Amino acid sequence: MIQADSLTKKYGDHTAVDNLSFSIEPGEICGFLGPNGAGKTSTMRILAGFMPPTAGTATVAGFNVFTHAMEVKKRVGYLPESTPLYPDMRVWEYIDYVAELKGCAARSDRMRKVGDIMELTGVISRRNSLIGALSKGLRQRVGLAQALIGDPQVLILDEPTIGLDPKQIMEMRSLIKDLGGRRTVILSSHLLSEVQMVCTRAMIINKGKLVDSNAMDRLSGDAVNTVLVTLDGPGEQIRSELRLLPGVTEVLVRQDRPGTRDQTRTMTIEIHHKDDTNPRGDLVRLVASKGWDLIELGKGSVSLEDIYIKIITQDAGTSEEEKSLPGTDPGDVT
Amino acid sequence: MMGNLLVVMKREFKSYFHSPVAYAVICMFVLISGFFFYSAMSLYGLVSFELSRTAQVTGPQELDMTDMVMGQLFGNLSIVMLLMMPLITMRLFSEERKNGSAELLFTWPIRDFDLVMGKYLAALSVFFIMLASTASYLGFVYWYSTPHWQAILAGYLGLVLLGASFLALGIFVSTLTENQIISAALSFGALLVFWVIGWAVEEKTDTLSQTLNYLSILKHFYQFARGSVDTRDVVYYLTFIFTFLFFTFRSLESGKWRG
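These figures come from a predicted structure and were not determined experimentally.

**A closer look at the environment of Ala168(B)**
Then comes step 1: Along the chain, Ala168(B) falls in helix α8 (residues 149-174).
Then comes step 2: Excluding its chain neighbours within four sequence positions, the residues that come into contact with Ala168(B) are Tyr120(B), Ile241(B), Phe244(B), Leu245(B) and Thr248(B).

Below, the structure written as structure tokens:
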């Protein structure tokens, strides 16, 4: 459905998108992940037909975004990051305007479609409000409505949940999830939890390059051989004893806080082990024999965060930009 | 498709009246043109009174009200328009760029032609409303004299061509900046240059002077104001309009606009 071939976008000396190639199948909900300035927005703008690439080609639904821009625009619904709507128009008026531009000419038919879209995006109760008077969350919904009108095959959503409150974020995500299947969706985000929750596939982009075209697979593969355990006991000893368990390859302390008794620590530990072993039995026997308290034992899940941090730091060393980024966003609500 | 041109035009036209700009511009235009009409009428009254006093000595004389009042008014209005047209066009593309809506605008399936012409025709419609407000003066002229309708029509044709030229330049300038004030100031300055360009070289006969003289935008209007239509003037204005609309298309196509 979407095919990018060596896409490059330069702004003067700065290369925003660097020789990027990928392809997205129909019906996929694909998440673009990456730190700010990674080239997500530039890539989406190229795919939406807003600006031409400096080099390389991209096709959407079989049409070249540069040479057949009009055909592409007819098939793509685009929601830019800043949701730039016309504040002086009323909600229904605006959606009606976009519907008409997208070729929905017959008035009665258009009215019905506009009504349906307003229902779907939940703005029907504010249909007569001026857009300038709406909250950020509602404006975002109107933005989504204008992208959806005309029933596009491809939806391109740039940071669709940025600036929303937790409840609105949940609603927006479930809305987007419902949109998949029939449509191909690309959304960008720097929130990994969001991509994990909404998308069927995650692509990680950094410095304009594709770092990983299917981070989701890697996630499920990694998650099988980890155990997450919370113990209360003598801190150092726990760590060294766990390392000696058969099959264990790595012991990572995720959390370390004062324990319930004197001299003890309560630690949440992630244990990585070999594919064909299961250290859970040995672990429980060890805990029992040492007299530690077992607080929780669960399946470990390597989050996309981990992969993300790993890849980004591997990829670029530790420049200022990347150090501050992953996982610390206050809007990261799961 | 013709459809999108009308859709864009309708929205732009409504948008003018969502903000106070159109009301302010139209109000000022009505006030100022009313003042000019009033002063032309008073002068006409004064002159005709003087003539009637001296009629016994010099014999009866005919005063041409169409020329004295409307001709005068057309000349004055052309200057007023030069000052006010940039206020109509300043927002057309600047605003889209400022609030980011250009990004959406260029991802909707609209051809540049529909977009530019839709906006241009919307601005032209506002101008026509301004112009329509002067129709009441015709009532006075009709009431007090036998107007030369052809001359009046020629005058209005001139105003329309002149206004359309101002707007064409203005819409082009609005693609150059995202700041509406700068957009208005630039188009005002450019129009001023087109106005005074012939002043310094009026009496000279070399090619450059003649060319500059020909480019002078108000010079071509005098014939219309006096009530006669010269094809060369019509061609000048149409070329002017076409050129700046063409520049507008080129400006939109240029890479600068789309990041």
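From this point, the discussion proceeds with the structure in view.
**Looking at the pattern of salt bridges**
All names here are of chain A.
Then comes step 1: Taken as a whole, this structure holds 32 salt bridges over all chains when the rule is applied.
Then comes step 2: Between Arg 173 and Glu 194 there is a salt bridge, with the nearest N and O atoms lying 3.0 Å from each other. Here Arg 173 is found in helix α6 (residues 166-179), whereas its partner Glu 194 is found in helix α7 (residues 192-198), with 21 residues between them in sequence. The pair formed by Arg 173 and Glu 194 is uniform in burial state, with each residue classed as buried.
Then comes step 3: Glu 270 is the partner of Arg 254 in a salt bridge, and the nearest nitrogen-oxygen pair spans 2.8 Å.

**Some details on the side chain of Thr89(B)**
Then comes step 1: You can see Thr89(B) is positioned in helix α3 (residues 65-89).
Then comes step 2: Residues in contact with Thr89(B), not counting those within four places in the same chain, are Tyr16(B), Leu167(B), Gly170(B), Ile171(B) and Ser174(B).

**Concerning the interface of chain B and chain A**
Then comes step 1: Counting residues at the interface gives 25 residues for chain B and 26 residues for chain A.
Then comes step 2: Interface of chain B and chain A: buried area, both sides summed, is about 2500 Å²; carbon and sulfur atoms make up 61% of it.
Then comes step 3: Among the residues chain B hides against chain A, the three largest losses belong to Arg11(B), Glu103(B) and Trp108(B). Together they make up 28% of the total.
Then comes step 4: Summed over the shared surface of chain B and chain A, the number is three salt bridges.

**Describing the sheet that holds strand β9 (residues 201-206) of chain A**
Note: strands within a sheet are paired through backbone hydrogen bonds, in either parallel or antiparallel orientation.
All names here are of chain A.
Then comes step 1: Read across the open sheet, the six strands follow the order β6-β7-β8-β3-β9-β10; overall the sheet is mixed. Of all strands in the sheet, those with a lone pairing partner are β6 (76-79) and β10 (209-212), marking the two edges. On average, each strand axis in the sheet is tilted by 20 degrees relative to the strand beside it, whichever way the strands run.
Then comes step 2: Bridge count for strand β7 (residues 154-158) against strand β8 (residues 184-189) is five bridges, and the pairing is parallel. In the sheet register, Leu 155 faces β8, and the bridge partner there is Val 185.
Then comes step 3: Together, β6 and β7 form the strand contacts of helix α5 (residues 136-148), whose direction differs from that of β6 by roughly 165 degrees.

Cut-offs and rules
Positions within a chain are numbered from 1, following the residues in the order the chain's sequence is written. The lettering of chains begins at A and the numbering of ligands begins at 1, in the order of writing. Reporting in this predicted model follows two pLDDT cut-offs: at least 70 for local features of residues, and 80 or more for side-chain atom pairs to be given and counted; totals over whole chains, interfaces and linings ignore these cut-offs and use all residues. Only hydrogens and water are set aside when side-chain values are computed; all heavy atoms of the structure are taken into account. Secondary structure elements are defined from DSSP: runs of H or I of at least 4 residues count as helices, runs of E of at least 2 residues count as strands, and each element is numbered from the N terminus. Residue contacts follow a heavy-atom distance rule, with two residues in contact if any of their heavy atoms lie within 4.5 Å. Between Lys or Arg on one side and Asp or Glu on the other, a salt bridge is scored when a side-chain nitrogen of the former is within 4 Å of a carboxyl oxygen of the latter. The cut-offs for exposure are 20% and 50% of the maximum accessible area for each residue type, with area from a 1.4 Å probe on protein chains only; residues under the lower value are buried, those over the upper are exposed, and the others partly exposed. For any pair of parts, buried area is found by adding up, for both, the accessible area (1.4 Å probe) each one loses once the two are put together. Should DSSP find at least two bridges between two strands, the strands are regarded as paired. Where helices are involved, their axes are fitted lines through C-alpha atoms of the stretch in contact, as for all axes, and angles between N-to-C directions lie from 0 to 180°.

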